[in-house]
Amino acid sequence: MDDERIWSFEESLWTADAEHYRASIDDECLMVLPQPPFVMSGQQSIEAVSDTPRWSNVELSDRQVKRPQEGLIVIAYHARAEREGVQPYEAHCTSVYRRLAHEEWRVVQHQQTPRLMAHPKA
């Protein structure tokens, strides 16, 4: 999968419908998200995210792609997501994709760390 396709695929996980999300996440996926239960696996991670409202817009910056071996892609980035009625959400994220077959990829790991704010000095 070339870099352009990777970023298009990752953006779609933030903005596309629940059906697309379910089809893109591997049953063996592990996720760490900033809301309970925080650490999820398999179907639990699929249901937790597919039941939340989708973002109407997402910007991915500070993009990095690594290919440690054939059929495995690791990405890291900063996300800024928006939807009507809520404050924008910002997080530093990682995802890992594995290839199941030619042109068939699934997410096997995803993690989000919300943007950390500096604490004022005492």
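Residues numbered from 1 in each chain as written. Predicted model: local features only at pLDDT ≥ 70, side-chain atom pairs only at ≥ 80, totals over all residues. Heavy atoms only, no water.

Per an unreviewed UniProt entry, the chain goes by DUF4440 domain-containing protein and derives from Pseudoroseomonas ludipueritiae.

By size, the foremost hydrophobic cluster in this structure holds 29 residues, and its most contacted members are Ile6, Trp14, Ile25, Ile73, Ile75, Tyr77 and Tyr97. Of all the secondary-structure elements, those providing two or more residues to this core are helix H1 (3–15), strand E1 (25–32), helix H3 (42–50), strand E3 (57–69), strand E4 (72–82), strand E5 (89–101) and strand E6 (104–114). Here Ile75 is in contact with Ile6, Trp7, Glu10, Gln64, Val65, Cys93, Thr94, Ser95 and Tyr97, once residues within four sequence places are set aside. (Core = buried A, V, L, I, M, F, W, Y, C linked by side-chain atoms within 4.5 Å. Buried < 20%, exposed > 50% of the residue type's maximum accessible area, 1.4 Å probe, protein only. Helix = DSSP H or I, 4+ residues; strand = E, 2+ residues; numbered from the N terminus. Contact = heavy atoms within 4.5 Å.)

What follows deals with the sheet that holds E6. Spatial strand order, E2-E1-E6-E5-E4-E3: six strands in an open sheet with mixed pairing. Of all strands in the sheet, those bounded by a partner on one side alone are strand E2 (39–41) and E3. Taking the axes of each pair of neighbouring strands and ignoring which way they run, one obtains an average angle of 15 degrees across the sheet. Two elements, E5 and E6, share ten bridges in a ladder whose sense is antiparallel. Its bridge partner lying in E6, Ala101 is registered against Glu104. This element, H1, spans E1, E3, E4, E5 and E6 of the sheet and lies at about 130 degrees to E3. (Pairing = 2+ DSSP bridges. Axes fitted to C-alpha atoms, helices over the stretch in contact; angles between N-to-C directions.)

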